[in-house]
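# Analysis of the macromolecular model
Here is what each chain is made of, one letter per residue.
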2 protein chains.
Amino acid sequence: MNETVMKLGSCGKCEQCPVHHRSICRAASAEAMQELSRLSHTRNFEKGTVIVAQGDEADIVGNVVSGVVKLTNMSMSGQQNIVGLLFPSDFFGRAYAETSRFSYEAATDVTLCSLGRQAFEGFIARHPEVEHALLLNTLDELDAAREWAAMTSCHTTMQRVATFLFILSQRSDNRFCHSGDKIPHVIIALPIGRRDIAAYLGTTPETLSRNLQTLVRKQILRPIDTNHFELVNASELVELTGEMREDLESMYGTGKLKA
Amino acid sequence: MNETVMKLGSCGKCEQCPVHHRSICRAASAEAMQELSRLSHTRNFEKGTVIVAQGDEADIVGNVVSGVVKLTNMSMSGQQNIVGLLFPSDFFGRAYAETSRFSYEAATDVTLCSLGRQAFEGFIARHPEVEHALLLNTLDELDAAREWAAMTSCHTTMQRVATFLFILSQRSDNRFCHSGDKIPHVIIALPIGRRDIAAYLGTTPETLSRNLQTLVRKQILRPIDTNHFELVNASELVELTGEMREDLESMYGTGKLKA
DNA sequence: CGCTCATTTGACAGAAATCAAAAGCGGTGG
DNA sequence: CCACCGCTTTTGATTTCTGTCAAATGAGCG
């Protein structure tokens, strides 16, 4: 790596971004990428920080580089519904809107590659190939959101829990576990607390906890600590989702868990 | 109307379309509109017809001109979940995908303005202003889908029913009812059958029916015929939704009931 | 009229929310 | 190091809701 080039701040930054080949930036031409490098900057947020509040000016957009962002919708009763989770490489923020209809909150410590919304809109107007990528990305997210909505409205709680865990198990940031056995098992890391997961799945922490314990009793999961489970029997987990594996994988592949 | 011009088939057709000022076509320049007139044609589908089946080649896109289209997702168990409803002026089909992840089915007799998917993709590439409109439209739909998903996952059945009815009551095609009283009441027209509404709301026809009858007993609704109710007490209906009125109205404003 | 299909109503069982309390975990300060 | 506190998670008991099964009613139609 050429440190001099990096210090100039206008070249190469994006090429070294760990997610640039998966985010919408992948569509950017070399020149566009240089311009992006100038316009964008990474920002860190501590767990729990509200990055954009519901109703606020939606003046930041960008990509999640690391960590998990919660998308939430506050209802009148003061109850916060989790509308989606954003993982690394997911696009973040709401282009072309004055205010945000949702809150964006750091569910873990988060690194974002951010730029001003209006700067982004100008950039996109100059680079149709990126606008096109954003369109494709948004269409995929819409499909995923609809599929998730279908999931939640017609399935039992256990099916939703199993689906959620399966999707989490497919994410790349899971370490393997060599517990002396021949086959390495995936470690499922729950990125957020039980309360939030329950809200996301449309249930209560109590019911979620019971379902998780049922999975442990069935030897499908093995608890490591509160937020980590070893996935012992993936195929039985898929059984419990009541969906076809391909459908689940397509949900993962394009929608990356966003609802 | 100039019939001669209409018969030429290449001019003016779209200008007379009842939804062209609300659909994404509104962004099209005069030339683009002419090209659209050439490329598109209206098609009628009887109630119940499957227009595009899940997994099929998604080779038709367009706009709903009249009627209601059901977006459905068949789960492994054979159960069909309703993922969204498309009303006049809503965009229809899935651009940039080989196959459709959902089925599109005529919920009522339907008129579509359709064109081939690839023709549409080519058209859009030549007319960036339309691509941009499609992007804006898709972003709005995504917000609406997420909001609907949040709705369905955290509310009781009655809250979902009340929300659905409230949104319907906001639709412009509702006539007023002067029943001798001073205040005219809105007539809520259920565009589709109970079975479909129930699937959309993630419940069963039986439970839906019970909830509707409860609303009638509470004097919030008054039945006119099977598919029409007079909304007697709108504010109590809003109470039952548990949402803020503004939120509901924004949902109507942009999302038009799509999930 | 008799047919079919959609909707409503009833009875019941099962699932999940609620209420309540115990256990686990991570801090802080003595 | 330990005790204390606040928090999250788990477990238990109970009630409420909703899905299921079944039957009655009503609407549209030849």
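Cut-offs used in this document
- Residues numbered from 1 in each chain as written.
- Chains lettered and ligands numbered in written order.
- Predicted model: local features only at pLDDT ≥ 70, side-chain atom pairs only at ≥ 80, totals over all residues.
- Heavy atoms only, no water.
- Buried < 20%, exposed > 50% of the residue type's maximum accessible area, 1.4 Å probe, protein only.
- Helix = DSSP H or I, 4+ residues; strand = E, 2+ residues; numbered from the N terminus.
- Arc of directions from axis to C-beta.
- Pairing = 2+ DSSP bridges.
- Contact = heavy atoms within 4.5 Å.
- Axes fitted to C-alpha atoms, helices over the stretch in contact; angles between N-to-C directions.
- Near = heavy atom within 4 Å.
- Polar contact = N/O pair within 3.5 Å; in protein donor to acceptor, adjacent residues only side chain to side chain.
- Nonpolar A, V, L, I, M, F, W, Y, C, P; charged D, E, K, R; others polar.
- 1 Å grid on protein atoms, 1.4 Å probe; cavity = no way out; pocket = protein on both sides within 12 Å on 5 of 7 lines; lining within 4 Å.
- Points joined across faces, edges and corners; volume = space filled by probe spheres on them.

Residues and elements named next belong to chain A. Along helix α3 (residues 117–126), the residues that are buried comprise Arg117, Phe120, Glu121, Phe123 and Ile124. Projected down its long axis, α3 shows its buried positions confined to an angular sector of 160°, all on one face. Exposed residues on α3 whose side chains face more than 90 degrees from its buried face are Gln118 and Ala125.

To continue, consider the sheet that holds strand β6 (residues 91–92) of chain A. Neighbouring strands of a sheet are bound in pairs by backbone hydrogen bonds; such pairs are parallel or else antiparallel. Residue and element names in this part refer to chain A. Pairing in this open sheet of 4 strands is antiparallel, and the strands run β1-β8-β3-β6 from one edge to the other. The two strands at the open ends of the sheet, each matched to only one other strand, are β1 (41–45) and β6. In the packing of α3 onto the sheet, contacts are made with β3 (60–66), β6 and β8 (110–116), and the angle to β8 comes to roughly 65°.

Residue and element names in this part refer to chain B. Within the secondary structure layout, proline 205 lies in helix α7 (residues 205–217). Taking the C-alpha atoms as reference, proline 205 lies 9.3 Å from glycine 193; in sequence the two are 12 residues apart. Ignoring anything within four residues of it in the chain, the contact list for proline 205 reads Arg195 and Ala198.

Moving on, we come to the protein's contact with DNA strand D. Residues in contact with DNA strand D amount to 16 residues; listed here are only the nearest, Arg194(A), Gln213(A), Thr203(B), Thr207(B) and Arg210(B). Counting only the atoms of DNA strand D that lie within 4 Å of the protein, the sugar and phosphate share comes to 65%. Here Thr157(B) contributes a backbone N or O atom positioned 3.0 Å from a phosphate oxygen of DNA strand D. A distance of 3.3 Å separates a phosphate oxygen of DNA strand D from a polar atom in the side chain of Thr204(B). Looking at the surface near DNA strand D, the elements with two or more residues in it are α6 (194–201) and α7 (205–217) of chain A together with α7 of chain B. Among the elements that take part in the surface near DNA strand D, α7(A) stands out by supplying 4 residues, more than any other. Grouping the amino acids of the surface near DNA strand D by side-chain chemistry returns no nonpolar, 10 polar and 6 charged.

For the rest of this paragraph, the subject is the sheet that holds strand β6 (residues 91–92) of chain B. All names here are of chain B. Judged by pairing direction, the sheet is antiparallel, and its 4 strands sit side by side in the order β1-β8-β3-β6 without closing on themselves. In this open sheet, the two strands that pair with only one neighbour each are β1 (41–45) and β6. Running over the sheet, helix α3 (residues 117–126) touches β3 (60–66), β6 and β8 (110–116) and is turned about 65° from β8.

Let us look at empty space enclosed by the protein. In this approach the atoms are scanned with a rolling probe the size of a water molecule, which exposes any empty space left behind. According to the stated counting rule, one finds 11 cavities of 30 Å³ or more in the structure shown. Looking at the largest cavity, its volume works out to about 180 Å³. In terms of lining residues, the largest cavity is bounded by 18 residues, among which Leu142(A), Arg146(A), Gly93(B), Arg94(B) and Tyr104(B) are the most central. Of all elements in the fold, only α4 (128–154) of chain A together with α4 (128–154) of chain B reach the threshold of two or more residues within the lining of the largest cavity. Classifying every residue of the lining of the largest cavity by side-chain character gives 9 nonpolar, 4 polar and 5 charged. Of the voids in this model, the second largest cavity is the one considered here, and its volume is about 140 Å³. Along its surface, the second largest cavity is lined by 16 residues, and Phe91(A), Gly93(A), Glu141(A), Leu142(B) and Arg146(B) are the ones closest to its centre. Residue assignment for the lining of the second largest cavity shows that the elements contributing at least two residues are β6 and α4 of chain A together with α4 of chain B.

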